[in-house]
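Fold and contact review
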Amino acid sequence: MNDMLALLSEQVPWVQTLTGLAALLAVALLINFILKHVIIRAITKAIRRKSVSLSSGATCLATAAPLMLVSQGIGLVPHLPEWIADAVSHIAEAFIILSVAMAIVKVLTYLNNVYERRPEAQNRPIKSFVQVVKIVVLSIAAILMIAALIDQSPLLLFSGLGAITAVLLLVFKDTILSLVATIQLATGDMLRVGDWIEMPDMGADGDVIDISLHTVKVQNFDQTITTIPTHRLVSQSFRNWRGMVDGGGRRIKRPLTIDQNSIRFLSDKEVVALKKFRILKDFLAAQREEMADWNKRELSEGDEPVNARRFTNTGVLRAYIYAYLRWHPQLATENFMLLVRQLQPGAQGLPIEIYCFADTIDWLEFEAIQADIFDHLIAILPEFDLRLFQEPSGSDFGAVFQTG
C-alpha cells in the first residue's frame, strides 16, 4: 500500500504540491493557535492586566510568526510554479508589515490610555501627538507593503515621494493644519479637557470633553455636542473661562439704569435722614466735613447755594452701593476688583454699573447671589428718591389718557 502511494506521488506531481501546501498550512495554523490562545493568554493572566489595546497589539504581532513561516516555507513546496511561490511570499511579507504596524498602533493606544489616568494628563493631553505617530507608522507601513508586493526596494518609493509632495500636502492639508494647531494649543496651554469655552461662531458654549488631532469636542450646557476643527481654535478667537475657575470668583457686571429726571441735589434735612443707613454714616460724616471745609474756603459771603458743593441722590446711592457690596458676605472683595461707576448717559437713562465678583464659581449659586443683590438695590432706590428708567408700556399710556 505504501509503495503504491509513493509511486502515485512520484507520477502525479500535484499530489506532492497539495501535500506540501497542506503541511505548510497546518504548521502555520498550529503556530498561530499556540501563540494566540496559549502563550498570549497565559501572559495576560500572569500580569493580571486586562487591556484591550495591549492584548490586540500582542495578537497582531503574533500573526506575523505564521505569516513569516508561509513566506519562507512556500518555496519548499515541491512542483509549485515559481511565480505562484513568489506571489504568495510577497503577499505574506506585506501582511507581516501590516501586522507589525497594527501592533505598534495598538501599543500606542495602550500607552495613551495609561497616560490619561495620570493627573498631569488633564493639563497636558498627548492624544493628538499619538495620532500623528499612528499616521506616520501607517504611512510608512503602506509604502513598505507596496514595495513588498512589487518586489522593489522601498528606497525607490521613498525617493519618488518628492514628485508627489504637492499632492500629499493637498490631501493632508487639514491634518497638517491640525498638527500645527495642536502643538500651539499644547505649548501655549490654551486649552485643556474640562475647560469651559465659548465660541459663538461654531455654536459652542460648554465644557471640552475631548481633544484629538483633527477635532475638539465641546459638550454644551444644553447637552448637545459641538465638534470644532482643531485648527479653527488657532485661526479664530474663543473665550476660555479657566481663569475664572482657577481664581475662585465669578464676575458680576450689570448696570442699574436710573431715570435722569429723578436726579437732584439733597437738602440738609434729607442728608440727615439718610444717616439711618448704618453703612452710610462714615461716608456722610466724612463728605459733610470735606464739603463744609471747601465751601468755607471757596465761597464768599452772599454767594448763592448753587455755587456750593452739595450731596446728590445719585452720589449717595453710589456710596451706598459700594458700602453694601463691601459688606456683602458672599462677594470676594480681598483679591478682586470692586467698582461702582457711572457710564455714559443716554436715551435709556444714566447707567450705574456694578462690577464685583461672587465668591463662588457655581452657576446656580452665582445667579442667586446676583439676583439677591439687584433685588435689594432696585427696592432701595425710592429711599434716595430715584427711579429706574423703563420704556413706557401700554398701561402707562392708558393711565395718561384716563387722567386726561
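Residues numbered from 1 in each chain as written. Predicted model: local features only at pLDDT ≥ 70, side-chain atom pairs only at ≥ 80, totals over all residues. Heavy atoms only, no water.

**Describing the overall build of the protein**
The condition is simple: Segments assigned H or I by DSSP are reported as helices when at least four residues long, segments assigned E as strands when at least two residues long, and all are numbered from the N terminus. The buried label goes to any residue with under 20% of its type's maximum accessible area, the exposed label to any with over 50%, and the partly exposed label to all in between, with areas taken from a 1.4 Å probe on protein chains only. By definition in these notes, contact holds between two residues if any of their heavy atoms fall within 4.5 Å.
Along the backbone of the protein there are 15 helices and eight strands. In the protein, buried positions account for 32% of the 404 residues. Of all intrachain contacts in the protein linking residues separated by at least 6 positions in sequence, the fraction that spans at least 24 positions is 65%.

**Focus: the layout of surface pockets**
Counted only if it meets this: Grid points spaced at 1 Å and placed over the protein atoms alone form the basis of the search, with a cavity being a set where a 1.4 Å probe fits but cannot get out and a pocket an open set showing protein on both sides within 12 Å along at least five of seven lines. Lining residues have an atom within 4 Å of a point. Grid points are joined across faces, edges and corners, and a volume is the space filled by probe spheres set on the points. Charged means Asp, Glu, Lys or Arg here, nonpolar means Ala, Val, Leu, Ile, Met, Phe, Trp, Tyr, Cys or Pro, and polar covers whatever is left, Gly included.
Approximately 290 Å³ is the volume found for the second largest pocket. Around the second largest pocket sit 18 residues that line it, and Trp 241, Met 244, Arg 250, Arg 251 and Phe 366 are the ones nearest its centre. Contributions of two or more residues to the lining of the second largest pocket are made by helix 10 (242–247), strand 6 (250–258) and helix 14 (363–380). For the lining of the second largest pocket, the residue count by class is nine nonpolar, four polar and five charged.

**A few points about the packing of helix 13 (residues 313–327) against helix 14**
Packed helix pairs are characterised by how far apart their axes lie and by the angle those axes make with each other. So the rule is basically this: Working convention: axes come from line fits to C-alpha atoms, limited for helices to the stretch in contact. Angles between N-to-C directions cover 0 to 180 degrees. Any angle that falls under 35 degrees is termed roughly parallel, while one over 145 is termed roughly antiparallel, one within 65 to 115 roughly perpendicular, and all others oblique. Two helices that cross are described as forming a left-handed crossing if the nearer one is turned anticlockwise from the farther one by less than a right angle, and a right-handed crossing if clockwise.
Contact geometry for helix 13 and helix 14: axes closest at 12 Å, N-to-C directions at 150°. Regarding the angle of helix 13 to helix 14, the classification is roughly antiparallel. For the pair helix 13 and helix 14, the sense of crossing is right-handed. Residue-level inspection shows Tyr 320, Ile 321, Tyr 324 and Leu 325 of helix 13 in contact with helix 14, the latter providing Asp 372, Ile 373, His 376, Leu 377 and Ile 380. Its residues assigned to classes, the contact of helix 13 with helix 14 comprises seven nonpolar, one polar and one charged.

**A closer look at helix 13**
Let me state the cut-off plainly: One less than the number of residues in a helix, times 1.5 Å, gives the span that helix is expected to have.
A rise of 1.5 Å per residue sets the reference length of helix 13, with its 15 residues, at 21 Å; its end C-alpha atoms lie 21 Å apart and thus fit the reference within 8%. Buried residues of helix 13: Asn 313, Thr 314, Gly 315, Val 316, Leu 317, Ala 319, Tyr 320, Ile 321, Ala 323, Tyr 324 and Leu 325, and no others. Structurally, helix 13 contributes buried residues whose contacts are with strand 6, helix 12 (281–298), strand 7 (339–342), strand 8 (350–358) and helix 14.

**Description of the nonpolar core**
Where we set the bar: Here the nonpolar core consists of buried residues drawn from Ala, Val, Leu, Ile, Met, Phe, Trp, Tyr and Cys, with membership extended through side-chain atoms lying within 4.5 Å.
By size, the foremost hydrophobic cluster in this structure holds 35 residues, and its most contacted members are Ile 321, Leu 325, Ile 373 and Phe 384. Where this core is concerned, the elements lending two or more residues are strand 6, helix 12, helix 13, strand 8 and helix 14. Element by element, the count of residues in this core is highest for helix 13, at seven residues. Excluding its chain neighbours within four sequence positions, the residues that come into contact with Phe 384 are Leu 274, Phe 277, Leu 280, Asn 313, Val 316, Leu 317 and Tyr 320. Judged by nonpolar contacts, the second largest core, of 12 residues, contains Val 208, Val 218, Ile 228 and Leu 233.

**Quick notes on the packing of aromatic side chains**
Formally: Stacked, tilted and edge-to-face are the three classes applied to pairs of Phe, Tyr and Trp rings, where Trp contributes its six-membered ring and a pair requires centres within 6.5 Å; stacked means planes under 30 degrees apart, edge-to-face means over 60, and tilted covers the rest. Consider the ring centre and the ring normal. A charge sits over the ring if Lys NZ or Arg CZ is within 6 Å of that centre and within 35 degrees of that normal.
In the structure shown here, the tally under the stated rule is 10 aromatic pairs. Sitting over the face of the ring of Phe 374, Arg 254 holds its NZ or CZ atom 5.2 Å from the ring centroid. Taking the ring centre of Phe 265 as reference, the NZ or CZ of Arg 310 above it sits at 4.0 Å.

**A word on a nonpolar patch on the surface**
The line we're drawing: Think of a patch as exposed residues, more than 30% relative accessible area, with no salt bridge, where like charges cluster within 9 Å and nonpolar side chains (Val, Leu, Ile, Met, Phe, Trp, Tyr) cluster within 5 Å. Computed with a 1.4 Å probe, the accessible areas rest on the Shrake-Rupley method; for each residue, only the protein chains presented here act as cover. The working definition used for a salt bridge is a side-chain nitrogen of Lys or Arg within 4 Å of a carboxyl oxygen of Asp or Glu.
Side chains of Leu 30, Phe 33, Ile 34, Val 38, Ile 39 and Ile 43 sit close together on the surface and give an oily, nonpolar patch of about 530 Å² of accessible area. Looking at the secondary structure, you find Leu 30 in helix 2 (residues 13–47).

**Remarks on helix 8 (residues 173–187)**
Worth spelling out the cut-off: This arc is taken over the directions from the axis of the helix to the C-beta atoms.
Here helix 8 spans 21 Å end to end across 15 residues, near enough to the 21 Å set by a 1.5 Å rise per residue. Along helix 8, the residues classified as buried are Thr 175, Ser 178, Ala 181, Thr 182 and Leu 185. Relative to the axis of helix 8, the buried residues are bounded by an arc of 130° and lie together on one face. Summarising the contacts, the buried residues of helix 8 are in contact with helix 5 (127–150) and helix 9 (232–235).

**Notes on the sheet that holds strand 3 (residues 215–220)**
As a reminder, the rule being used: When DSSP finds at least two bridges between two strands, those strands are taken to pair.
Pairing within the open sheet is antiparallel, and its five strands lie in the order 4-3-2-1-5. Each edge of the sheet is formed by a strand with only one pairing partner; in this case those strands are strand 4 (225–229) and strand 5 (239–240). Pairing of strand 3 with strand 4, which is carried by five bridges, proceeds in the antiparallel orientation. Across the sheet, the residue bridging to Gln 219 is Ile 225, located in strand 4.

**Details of empty space enclosed by the protein**
A probe matching the size of a water molecule, rolled over the atoms, marks out where space remains unfilled. Counting across every chain of the model gives one cavity of 30 Å³ or more. In this model, the largest cavity occupies a volume close to 120 Å³. Lining of the largest cavity is provided by 12 residues; of these, Pro 125, Thr 182, Ala 186, Leu 191 and Ile 211 occupy positions nearest its centre. Looking at which element gives the most residues to the lining of the largest cavity, the answer is helix 8, with three residues.

Function-wise, these values are silent; they only describe arrangement.
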